[in-house]
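Here are the chains, one letter per residue:
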2 protein chains.
Amino acid sequence: MTDIPKDHPRYKSLMIRERLVEGFKKGVVVPQGLIAHGRGEAFDYLIGEETIEPVYKAYEASAALLLLSQNPIIAVNGNAAALAYEDIGRFAEKFNIPIEINLFHFSVERVRKIRELFESFNVKIFDVYDVELPTVSSKRRLVSREGIYSSDTVMVMIEDGDMPIGLRKIGKKVIAIDLNPLSRTARDSDITIVDNLVRVFPILTRYMDKLSRHGQDVIRRILEDYDNNEVLKEVLIYIVERLTSPGILD
Amino acid sequence: MTDIPKDHPRYKSLMIRERLVEGFKKGVVVPQGLIAHGRGEAFDYLIGEETIEPVYKAYEASAALLLLSQNPIIAVNGNAAALAYEDIGRFAEKFNIPIEINLFHFSVERVRKIRELFESFNVKIFDVYDVELPTVSSKRRLVSREGIYSSDTVMVMIEDGDMPIGLRKIGKKVIAIDLNPLSRTARDSDITIVDNLVRVFPILTRYMDKLSRHGQDVIRRILEDYDNNEVLKEVLIYIVERLTSPGILD
């Protein structure tokens, strides 16, 4: 592991980066995934590398949608696994949500390695691909009939592309975790959590615990009142205000 | 090489990304360099993946400074070489400016591989490190006495850190190429070109050709009138206006 000086202004971000580099060395992350992570880093930097206020509404709505779903599922790729397999595994186990491994740069070897990361958790993992999603051009179109294809809500994370539209075309609800509020993934999903994956699951767990004490009608109302486009706009305004705040370039 | 669909909205950016992946496979780029490239991609995306108006002033001032310098030098790292060694080599040859290989993740092997990329150009290359810069904590502090250490102006590119301050402490003028207008490199340099390295050298060559037809007094005035902080602010305002322009999230 690279030795990072503790006084580096971006120490935390550089430590997260090391997880990707480790995942890369293990064969879980592809080179293109490292670049994609860098893009995410830049957007995290723009929000101040912390969970920002408007996004809590997306967290609450995501918890509501997951609680109302009959067969939710979490789609995991190499970057997601490298960054947060422990958080994802714990969350999936606690709420009994299965995981499907879904890769842009698909290989049987990578699927196996990612699967291994989750084996210490009591979680159902789908990694047999026997059906294709419409309109998705990459290998991510390969999904499991018993898994994503049979689900009603899919949580996708750290992926830039046409997956949400493909999923919605076959009637799925989509929750995306994506740091870029302007990405196709962010804009095409039902709910977008604009936050760093390493911060997501502890917060989402809190909302799940909190909402599960309420009746279905309350949970349903939260979901009905949620406006993803509005939240994305608020995120953008937050970024813009931060960039123009006094002192940032003095 | 990965097959990228021509209709992908970010086709050009993905093709540039492939250069990094190629450089990585050749051992010119380190894994951390791929992540750093991703950060750059995100900032390029924020300016619209094109050279923006306020930056032309930085180009003009850079050309002026290079023309007025006695011993300018170009510091090159792995990412810079992977992205643009041909542009850099041609520019260095045309204006008789030497190159020094300067690496954060230093290895003799990488220095050799990067040197090889430039061997078809008639350019002086420094790759013997016999003196250390003050205050620079990474391996980039290792420079050549005959190269960077004896220069009066250093051009640095795609690096995030304390190098410009170290160079200025020993009296060098610093021109930085950096897509993040808020980075330490951007803010601590005399002139910052906020642009994608792949676009820089053709534009800079045009300014060099144009200014070299003027007298020293004209060139000197351009440099005196240049305000880097002002240009960085204009870049930031450009980004903010772009993010808030109608339609971007409708």
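Data block above holds the structure.
The structure presented is a predicted model; accordingly, all values stated were derived computationally and were not measured. (Residues numbered from 1 in each chain as written. Chains lettered and ligands numbered in written order. Predicted model: local features only at pLDDT ≥ 70, side-chain atom pairs only at ≥ 80, totals over all residues. Heavy atoms only, no water.)

1. Let's talk about the side chain of A:Glu41
Where we set the bar: Elements are defined by DSSP. Helices are runs of H or I of four residues or more, strands are runs of E of two residues or more, and each kind is numbered from the N terminus. Pairs of N or O atoms within 3.5 Å make up the polar contacts considered here, provided that, within protein, one atom can donate a hydrogen while the other can accept it, and that residues adjacent in sequence are counted only when both atoms are side-chain atoms. The contact criterion used is simple: two residues touch if any of their non-hydrogen atoms lie within 4.5 Å.
As for its position among the elements, A:Glu41 is in helix 2 (residues 31–46). At 2.6 Å, the side chain of A:Glu41 and the side chain of A:Arg17 are in polar contact. Those residues in contact with A:Glu41 that sit more than four places away from it in its chain are A:Arg10, A:Ser13, A:Arg17, B:Ile35 and B:Arg39.

2. Details of the packing of helix 1 (residues 11–26) of chain B against helix 4 (residues 78–94) of chain B
Residue and element names in this part refer to chain B. Threshold: To get an axis, fit a line to the C-alpha atoms, keeping to the stretch in contact for a helix; angles then go from 0 to 180 degrees between the N-to-C directions. For classification purposes, angles smaller than 35 degrees are called roughly parallel, those larger than 145 roughly antiparallel, those between 65 and 115 roughly perpendicular, and all remaining angles oblique. Take the far helix as your reference; a near helix turned counterclockwise from it by less than a right angle gives a left-handed crossing, and one turned clockwise gives a right-handed crossing. Gly is placed with the polar residues, together with every amino acid not listed as nonpolar (Ala, Val, Leu, Ile, Met, Phe, Trp, Tyr, Cys and Pro) or charged (Asp, Glu, Lys and Arg).
For the pair helix 1 and helix 4, the least separation of the axes is 9 Å and the interaxial angle reads 125°. With respect to helix 4, the axis of helix 1 lies oblique. The element helix 1 and its partner helix 4 pack so that their crossing is right-handed. Taken together, the residues of helix 4 that come into contact with helix 1 (itself represented by Ile 16, Arg 19, Leu 20 and Gly 23) are Asn 79, Ala 82 and Leu 83. Here the residues of the contact of helix 1 with helix 4 are counted per class, giving four nonpolar, two polar and one charged.

3. Description of the pattern of salt bridges
Residue and element names in this part refer to chain A. Put simply, the rule reads: A side-chain nitrogen of Lys or Arg and a carboxyl oxygen of Asp or Glu constitute a salt bridge if their distance falls within 4 Å. Burial classes: relative accessible area under 20% of the type maximum marks a residue as buried, over 50% as exposed, and values in between as partly exposed (1.4 Å probe, protein chains only).
Going through the model one piece at a time under the given rule, you end up with 32 salt bridges over all chains. For Arg 199, the salt bridge is made with Asp 44, and the minimal N-O distance between the two is 2.6 Å. With Arg 199 in helix 8 (residues 197–211) and Asp 44 in helix 2, this pair connects stretches of sequence that are 155 residues apart. Considered together, Arg 199 and Asp 44 belong to a single accessibility category, that of buried residues. Close ionic contact of Glu 116 with Arg 112 constitutes a salt bridge, the shortest N to O distance being 2.5 Å. Here Glu 116 and its partner Arg 112 are both found in helix 5 (residues 108–117), four residues apart, which amounts to about one turn of the helix. Overall, the relative accessible area of 39% leaves Arg 112 in the partly exposed class.

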